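Spelled out, the chains give:
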Amino acid sequence: MPDPTDPAPEAPRREVRFKDREFERDNPPVQGVDAAPAFDVRDLLELANKAPKAPPADSPLPPSIAPPATNDVHAILRANLERERERGLYEVAMGKRRPSRRKRDYWALLIGLNALLVAFAFVIGLNVVTAVYTFSGIILITIGLTWIMWFIMDDY
């Protein structure tokens, strides 16, 4: 029988390692006739530094096309602009401006709201407190309405 005072035997340590890399190939490797030949970077450098040879006269390649004599983008754009102006694309007829209703609405709201505050103060009873609150309300409404109508809103 084992002695209860003895410590429990340790379990052997488990060894942990990374698994081998596995890659999925989408395209099978090319072999045979279509396989690209192996090359060395030094060979490419040597080919890049050589002077180009003139193609033989019986070469099947067509002669290169010469670039146009004038390849100025700004000149092309100026010519396009002149053609569009001749067609009248930039002529805009300015109609008569419609009168704005903003001034009329501003004065109607300002007089109406302030008159409503003054009438409310008289209905409650005119004393120092209602006079101060009415005067403060008139100032607040006037400043707020002016800010909204002339600085926030656009002309309509």
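In case you missed it, the structure is sitting above this.
Residues numbered from 1 in each chain as written. Predicted model: local features only at pLDDT ≥ 70, side-chain atom pairs only at ≥ 80, totals over all residues. Heavy atoms only, no water.

Draft legend 1. Spotlight on the packing of aromatic side chains. All told, the structure shown has three aromatic pairs when counted by the stated rule. Each ring, one from Tyr 106 and one from Trp 107, has its centre 5.2 Å from the other, and the planes form 70°; the classification is edge-to-face. Measuring from ring centre to ring centre gives 5.7 Å for Tyr 106 and Trp 150, while their planes differ by 70°; the resulting arrangement is edge-to-face. Of this pair, Tyr 106 sits in helix 3 (residues 102-124) while Trp 150 sits in helix 4 (residues 128-152), and the two are 44 residues apart along the sequence. According to the relative accessible area criterion, Trp 150 is partly exposed, its value standing at 33%. (Phe/Tyr/Trp six-rings, centres within 6.5 Å; stacked < 30°, edge-to-face > 60°. Helix = DSSP H or I, 4+ residues; strand = E, 2+ residues; numbered from the N terminus. Buried < 20%, exposed > 50% of the residue type's maximum accessible area, 1.4 Å probe, protein only.)

Draft legend 2. Summary view of a nonpolar patch on the surface. Together, Trp 147, Ile 148, Trp 150, Phe 151, Ile 152 and Met 153 make up an exposed nonpolar region whose accessible area comes to about 630 Å². Checked against the element boundaries, Ile 152 lands in helix 4. Taking the relative accessible area as the measure of exposure, Ile 152 reaches 54% and is therefore exposed. (Patch = residues over 30% accessible without salt bridge, like charges linked within 9 Å, V, L, I, M, F, W, Y side chains within 5 Å. Areas by Shrake-Rupley, 256 points an atom, 1.4 Å probe, with all protein chains shown as cover. Salt bridge = Lys/Arg side-chain N within 4 Å of Asp/Glu carboxyl O.)

Draft legend 3. Inspection of the side chain of Thr 134 at higher detail. Structurally, the position occupied by Thr 134 is in helix 4. The buried category is assigned to Thr 134, whose relative accessible area is 12%. Here Thr 130 takes part through its backbone oxygen, which lies 2.6 Å from a polar atom of the side chain of Thr 134. Every residue in contact with Thr 134, bar those within four places of it in the chain, is listed here: Leu 117, Val 118 and Ala 121. (Polar contact = N/O pair within 3.5 Å; in protein donor to acceptor, adjacent residues only side chain to side chain. Contact = heavy atoms within 4.5 Å.)

Draft legend 4. Broad picture of helix 4. Compared with the 36 Å implied by 1.5 Å per residue over 25 residues, the 35 Å span of helix 4 between its first and last C-alpha is a close match. For helix 4, the complete set of buried residues consists of Thr 130, Thr 134, Gly 137, Leu 145 and Met 149. Where helix 4 is buried, its residues meet helix 3. Measuring from the backbone nitrogen of Val 129 back to the side-chain oxygen at the start of helix 4 gives 3.2 Å, which picks out Asn 127 as the cap. (Expected span 1.5 Å × (residues − 1).)

All we've got here are geometric facts, nothing functional implied.
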